[in-house]
Amino acid sequence: MKYSDAAGDFNGLSIRYGTIAQEQYFSMNYGLIYNRGAVDFNGEICFALADRTGNIREVLESWAATIAGTGLRGDKSLYVSSPVVPGDRVRAYFRTQNTPEWTVITGNEDNGCVWELVVPGDEPPAYDGTVEEETSVRYSKTGGILRVGLPEDVSYVLKDAGGTDITSSCVVTGDVLEIDTAGLEAGTYTLVLSRQDDVKEISLTF
């Protein structure tokens, strides 16, 4: 809820200084985190970095809290170690014995309270599924050709058992990657597919 005192105006979450970026500190005000329940709040509060779909990527700080008749307000200096992309956001969460999962703190938005700090910029495109879900693999024993259906915007690297990059052995036509296994020595290889922070490793033995 909105709150003002000698320390300043509190209207949810607001940046005091700095930016939300990897390996950087930023400072923000928070408040008023208020308990509207019939009994005192006894649990934990945290500030966390979440992606644009709400999945928590990093808990920036958490602490045990009791909220009785008054709410919580103050300022925090927070450090982000994870990669940050446009559309990520910092949110406040709570959890208790009865609500064990981190739950987003909200309330009083109609009066202008802001409970998430969104990283500006063009958000990355949304995809229908994960790299693993969108990848298909077919192998022709007669021709010795391995064909991998590549998802959209995926990068790829082929490595041999020693970790040497042999991506030059791959031929890509449209969204299909082909590997002529006849040109490779017998052994185990790893095809690494990646899109943003979604990585899939496929172990191949010929």
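See the structure printed just above.
Before going into details, it helps to say that this report is about the structure given with it. (Residues numbered from 1 in each chain as written. Predicted model: local features only at pLDDT ≥ 70, side-chain atom pairs only at ≥ 80, totals over all residues. Heavy atoms only, no water.)

### Some words on the sheet that holds strand β15 (residues 176-180)
Thought 1: Overall, antiparallel pairing links the 4 strands, which are arranged β11-β12-β15-β14 in an open sheet. Two strands in the sheet have a free side with no partner beyond their single neighbour: β11 (136-140) and β14 (170-173). Pairwise comparison of adjacent strand axes, ignoring direction, gives a mean angle of 20° for this sheet. (Pairing = 2+ DSSP bridges. Helix = DSSP H or I, 4+ residues; strand = E, 2+ residues; numbered from the N terminus. Axes fitted to C-alpha atoms, helices over the stretch in contact; angles between N-to-C directions.)

### Structural notes on the side chain of D88
Thought 1: For D88, the location among the structural elements is in the loop between β7 (72-80) and β8 (89-95).
Thought 2: Contact partners of D88, with chain neighbours within four places excluded, come to L49, A50, D51, R52, R57, P83, L117, V118 and V119. (Contact = heavy atoms within 4.5 Å.)

### Let's talk about the pairing of β15
Thought 1: Pairing between strand β12 (residues 145-149) and β15: 5 bridges, direction antiparallel. For V148, the partnering residue across the bridge sits in β15 and is L177.
Thought 2: The pairing of β14 with β15 spans 4 bridges and is classified as antiparallel. By the bridge assignment, V172 is partnered in β15 with L177.
Thought 3: The turn linking β14 back onto β15 is made up of 2 residues, and G174 within it adopts a positive phi angle of 65°.

### Structural notes on the environment of T96
Thought 1: Topologically, T96 is positioned in the loop between β8 and β9 (103-104).
Thought 2: In sequence terms T96 and G43 are 53 residues apart; their C-alpha atoms lie 4.4 Å from each other.
Thought 3: With sequence-adjacent residues up to four places away left out, T96 is seen in contact with F41, N42 and G43.

### Thoughts on the sheet that holds strand β17 (residues 198-205)
Thought 1: Taking strand neighbours across the sheet as the criterion, the 3 strands line up as β13-β16-β17 in an open arrangement whose pairing is antiparallel. Looking at which strands have only one partner, the edges of the open sheet turn out to be β13 (155-159) and β17. Strand-to-strand twist across the sheet, computed as the mean angle between neighbouring axes with direction ignored, equals 15°.
Thought 2: Examined bridge by bridge, strand β16 (residues 188-195) and β17 share 8 bridges and lie antiparallel to one another. The residue of β17 that forms the bridge with L193 is K200.

### A few points about the packing of aromatic side chains
Thought 1: Per the stated rule, a full pass over the model turns up 7 aromatic pairs.
Thought 2: The interplanar angle of 55° and the centroid separation of 6.1 Å between the aromatic rings of Y30 and W63 together place this pair among those described as tilted. Note that Y30 is positioned in strand β4 (residues 24-33) and W63 in strand β6 (residues 56-67), a separation of 33 residues in sequence.
Thought 3: With a relative accessible area of 8%, Y30 lands in the buried category.
Thought 4: Between the aromatic rings of F41 and F94, the centroid separation amounts to 6.0 Å while the plane-to-plane angle is 80°, which identifies the pairing as edge-to-face. A residue pair is termed long-range when its members are at least 10 positions apart, and F41 in strand β5 (residues 41-50) and F94 in strand β8 qualify at 53 residues.
Thought 5: Aromatic rings pair up to connect Y30, F47 and W63 into one cluster.
Thought 6: A cation over an aromatic ring shows up here: K76 above the ring of W63, its NZ or CZ 4.4 Å from the ring centre. (Phe/Tyr/Trp six-rings, centres within 6.5 Å; stacked < 30°, edge-to-face > 60°. Buried < 20%, exposed > 50% of the residue type's maximum accessible area, 1.4 Å probe, protein only. Lys NZ or Arg CZ within 6 Å of the ring centre and 35° of its normal.)

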